[in-house]
Each structure stands twice: as structure tokens, then as C-alpha cells.
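# A look at the structure
Chain by chain, the residues:
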Amino acid sequence: MIEHPFIAAIALVLILEGIMPFVAPGQWKQMLAQISQMSDKNLRIMGAAMMVIGVLIFKMIQA
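Report follows, based on the coordinates. All figures in this text were calculated on a predicted structure; none of them were measured in a lab. (Residues numbered from 1 in each chain as written. Predicted model: local features only at pLDDT ≥ 70, side-chain atom pairs only at ≥ 80, totals over all residues. Heavy atoms only, no water.)

With that settled, consider the overall build of the chain. Counting its secondary structure elements, the chain contains 3 helices and 0 strands. Written out in order from the N terminus, the α and β elements of the chain read α-α-α. Taken over the C-alpha trace, the chain has a radius of gyration of 15 Å; the compact-globule value for 63 residues is 11 Å, which it surpasses by more than 25%. By its C-alpha atoms, the chain is 40 × 30 × 15 Å across when sized along the principal axes. Across the 63 residues that make up the chain, the buried fraction comes to 2%. (Helix = DSSP H or I, 4+ residues; strand = E, 2+ residues; numbered from the N terminus. Rg over C-alpha atoms; globule rule 2.2 N^0.38 Å. Buried < 20%, exposed > 50% of the residue type's maximum accessible area, 1.4 Å probe, protein only.)

Okay, here's the thing in C-alpha cells:
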């Protein structure tokens, strides 16, 4: 079993990030095209929201 939680977390991110291009590559390309058209402000807001949600989930599973 993986003894380092950080390595396990990176592996899980890679698995989750790879699902969409594997299952639906056409839709994935469309999504990337739409994201590339977003303003920097909206991308930062989306990134911040994702980080906050991730921290909250992490705190929930640690409790």
C-alpha cells in the first residue's frame, strides 16, 4: 500500500483528471476551448472556489 499520503493524493488527482479526456475527448476539448476564453478574473474566482471546496472536504474527512 502507498505509505505517503501526498503521493496517494497526487495519484488520485491524476486519475480523476484523466477520466474526462479518456471517456469523452471531444467534449473535453470543447470545455478547454471555453475555459481558454474566460477572463482571468473568472478563472481566479473558479480556482479559489475549487481550493476552498477542497479544503472543506479535506477538513471534513480529517474530523
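Moving on, we get to the packing of helix α1 (residues 5-23) against helix α2 (residues 25-36). Viewed as axis vectors pointing N to C, α1 and α2 meet at an angle of 115°, and their least axial separation amounts to 5 Å. With respect to their mutual orientation, α1 and α2 come out roughly perpendicular. Contact residues: M20, P21, F22 and V23 in α1; P25, Q27 and W28 in α2. Looking at the contact of α1 with α2, its residues break down into 6 nonpolar, 1 polar and no charged. (Axes fitted to C-alpha atoms, helices over the stretch in contact; angles between N-to-C directions. Parallel < 35°, antiparallel > 145°, perpendicular 65-115°, else oblique. Contact = heavy atoms within 4.5 Å. Nonpolar A, V, L, I, M, F, W, Y, C, P; charged D, E, K, R; others polar.)

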